[in-house]
Amino acid sequence: MDFHLHDDHLDPRISRANTTFRLLLTRTSAELEALGKRIGSAAIEKARPFYESLAVAQDAHRSCLRAAAQFQRANGIHSQAKALVKQTELRNPKVLDNAWQEVLNHATMKVMEAEEMKKSSEAEHRLRAEDFVKTERVVHELEKRLNREILKSRPYFDLKDQLNADLQSVKTEIENLQSSIGGAKKTYSEALKRLEAISEEIHERRNACVRTPGVGAEHHSSSSFSSFASSGGRGDE
C-alpha cells in the first residue's frame, strides 16, 4: 500500500498556483520584451543603474524606519524600567527586607537591560540612517545625469516592478501552501506510526492469549501424570 503523499494530492491549490506562476512568468517575459523593443534597449540599459540604486535606497529607507521603531520601543522600555525602580524605592525606603530588596534588584536589572537595548538600537538606527543617506545621494546623482533616459524607460521599469510583485505574491502563496502541507504530512506520518503501534500491541496481546492456554494445559497434564505415578498406576478398586 502506498502511503507517500504528494503535495498536489493533498492540496490541488498548489498545482493551480504553480500553473499560475508559470503562466504569469511567461506573460511577464513577453510583455517586458515587447515594451523593451518599443522603448529601445539603449535607453533601458543606461537608466538601469538609476532604478537599481533606487530599489537599494528604498530598502535602506525601510530598514531605517524599522530601526527607528525599534529604538522608540527600547526607549519606552527603558523609561518604564526607570519609573519602576523609582516607585520601588519610594514604596519602602527604610525597611530593607529580603522581598523588597529582591524587587528592587529585579527592577534595577531591568533598567540595565533596557539601557543596553537602547544603546544597541540607537547605534543600529544611526548606521541605517547613514546608509540611507548614502544610497539616496547616489540616486540623486544618477537622476541628474540620466534624466532623459530615466523618463523614457520608466514605463518599462514600472511594469517590471509590478510584474515582479505579482510573481512574488504567487510565490508566497505557494510557499505558504507547501508549509501547511508539510505540517499535514507530519501529522499524517505520526498518525501512521500510532496506528502501527496499536496494531503491533493488538498482535502481541493476541499471541499472548494463544500461548496462555497451552502452558496451562501442559501443566495440568504433568500434574495428572504425577498423580497416576504416585498411585502406582492403579485404578479405582
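Just above sits the structure.
Residues numbered from 1 in each chain as written. Predicted model: local features only at pLDDT ≥ 70, side-chain atom pairs only at ≥ 80, totals over all residues. Heavy atoms only, no water.

## Examining the overall build of the protein
Thinking step 1. Summing up its helical and strand segments, the protein has five helices and zero strands in all.
Thinking step 2. In the protein, the succession of helices and strands from N to C terminus is α-α-α-α-α.
Thinking step 3. Residue burial in the protein is summarised as follows: out of 237 residues, 21% are buried.
Thinking step 4. Sequence separation of at least 24 residues holds for 87% of the intrachain contacts in the protein that already meet a minimum separation of 6.
Thinking step 5. Accessible surface computed for the protein: about 17500 Å², of which carbon and sulfur atoms make up 55%. (Helix = DSSP H or I, 4+ residues; strand = E, 2+ residues; numbered from the N terminus. Buried < 20%, exposed > 50% of the residue type's maximum accessible area, 1.4 Å probe, protein only. Contact = heavy atoms within 4.5 Å. Areas by Shrake-Rupley, 256 points an atom, 1.4 Å probe, with all protein chains shown as cover.)

## Points about helix α2 (residues 12-39)
Thinking step 1. Counted at 1.5 Å a residue, the expected span for α2 with its 28 residues is 40 Å, and the 40 Å between its end C-alpha atoms agrees.
Thinking step 2. Here α2 has its buried residues at I14, A17, L24, T28, L32, L35, G36 and I39.
Thinking step 3. Of the residues one or two after α2, G40 is the one with positive phi, at around 110°. (Expected span 1.5 Å × (residues − 1).)

## Let's talk about the nonpolar core
Thinking step 1. Membership of the largest hydrophobic core comes to 16 residues, with the highest contact counts inside it found for I39, F50, Y51, I150, Y156 and F157.
Thinking step 2. Looking at this core, the elements with two or more residues in it are α2, α3 (41-91), α4 (98-145) and α5 (147-230).
Thinking step 3. Take this core: its biggest share by element is six residues, from α3.
Thinking step 4. Among all residues touching I150, those that are not within four sequence positions of it are A47, F50, Y51, L142 and E143. (Core = buried A, V, L, I, M, F, W, Y, C linked by side-chain atoms within 4.5 Å.)

## Comments concerning the environment of T172
Thinking step 1. Within the secondary structure layout, T172 lies in helix α5.
Thinking step 2. Between the C-alpha atoms of T172 and A17, which are 155 residues apart in sequence, the distance is 10.0 Å.

## Brief notes about the environment of R66
Thinking step 1. Residue position: R66 is located in helix α3.
Thinking step 2. The class for R66 is exposed, based on a relative accessible area of 52%.
Thinking step 3. Sequence separation between R66 and R128 is 62 residues, and the spatial gap between their C-alpha atoms is 9.3 Å.
Thinking step 4. In this structure the side chain of R66 is engaged in a polar contact, spanning 3.1 Å, whose partner is the side chain of S63. (Polar contact = N/O pair within 3.5 Å; in protein donor to acceptor, adjacent residues only side chain to side chain.)

## A short note on the environment of T28
Thinking step 1. Relative to the elements of secondary structure, T28 occurs in helix α2.
Thinking step 2. Classification of T28 as buried rests on a relative accessible area of 4%.
Thinking step 3. Residues T28 and N164, 136 residues apart in the sequence, show an inter-C-alpha distance of 8.4 Å.
Thinking step 4. Residues within four places of T28 in sequence aside, it is in contact with L163 and L167.

## Some thoughts on the packing of aromatic side chains
Thinking step 1. On inspection of all chains with the given rule, the structure shows three aromatic pairs.
Thinking step 2. Measuring from ring centre to ring centre gives 5.0 Å for F50 and Y51, while their planes differ by 80°; the resulting arrangement is edge-to-face. Taken as a pair, F50 and Y51 share a single burial class, namely buried.
Thinking step 3. Relative to F157, the ring of Y156 lies with its centre 5.2 Å away and its plane at 85°, an arrangement referred to as edge-to-face. Accessibility assignment for this pair places Y156 and F157 in one class, buried. (Phe/Tyr/Trp six-rings, centres within 6.5 Å; stacked < 30°, edge-to-face > 60°.)

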